[in-house]
Amino acid sequence: MVNYLKPMIEKREATMKMNGHLYSNWWKKIRRAARLTAIEQVYLPFWCFNYRATTHTVPDGMEGRIAIEPLSRMNAILPVDYDIDVADGEHFPVQKSIGKDSAKDILYWELFAKEKRREKIEVAILDQWLVYVPYWVGYTKDRNHQYGIIAVDALNGKVDLPMKDTVVAYICSVDENEMV
């Protein structure tokens, strides 16, 4: 049994966003340097931490949830009431662990960036668990037969360029394990 987030973006919309990215300006439209050849949905593992924090603007404290992708250390603050589903299924294995101290540091700096008076920021990590986040992965091929990928966040529909290397790392890891 694994925790996962349900995708909000369907395949058709993800395909439109990828094509929009590929042909986003007139030069790309004329050259058609790369074209989308396939698309699939994958779930990437994120370490999720429930936390309690107090700041100058929230002296009574607040509870929240932060998800951190372990390879890139990209993070997202999740609403506490966000639906987390549980199901069986095969997903990418977690390639790296993130401890509570690392999560506390990441969260501290997130709050630091948002807080005007920064002298009073306290963070306590309550627990840690794993959640799988959906992404649409588009495979591209250009005129020179070079292949590439585009990742679209299946929760918000954004073309997520920083996640490209992370997606490649997970896909290559699976391929290596299947070849052995």
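Keep in mind that this is a model prediction, so the values were computed, not measured. (Residues numbered from 1 in each chain as written. Predicted model: local features only at pLDDT ≥ 70, side-chain atom pairs only at ≥ 80, totals over all residues. Heavy atoms only, no water.)

## Let's talk about the pattern of salt bridges
Across all of its chains, the model carries one salt bridge by this definition. Notably, a salt bridge pairs Lys 114 with Glu 110, separated by 3.3 Å at the nearest N-O pair. Pair noted here: Lys 114 and Glu 110 are both in helix α3 (residues 100–114), with a separation of four residues, about one helical turn. For Lys 114, a relative accessible area of 59% translates into the label exposed. (Salt bridge = Lys/Arg side-chain N within 4 Å of Asp/Glu carboxyl O. Helix = DSSP H or I, 4+ residues; strand = E, 2+ residues; numbered from the N terminus. Buried < 20%, exposed > 50% of the residue type's maximum accessible area, 1.4 Å probe, protein only.)

## Overview of the pairing of strand β4 (residues 75–78)
Examined bridge by bridge, strand β3 (residues 62–68) and β4 share four bridges and lie antiparallel to one another. Note on β4: the bridge partner recorded for Ala 67 is Ala 76. Counted along the chain from β3 to the antiparallel partner β4, the turn is six residues long, and its residue Arg 73 has a positive phi close to 65°. (Pairing = 2+ DSSP bridges.)

## As for the side chain of Thr 55
With respect to the helices and strands, Thr 55 occurs in the loop between β2 (34–54) and β3. At a separation of 3.2 Å, a polar atom in the side chain of Thr 55 contacts the main-chain amide nitrogen of Val 58. (Polar contact = N/O pair within 3.5 Å; in protein donor to acceptor, adjacent residues only side chain to side chain.)

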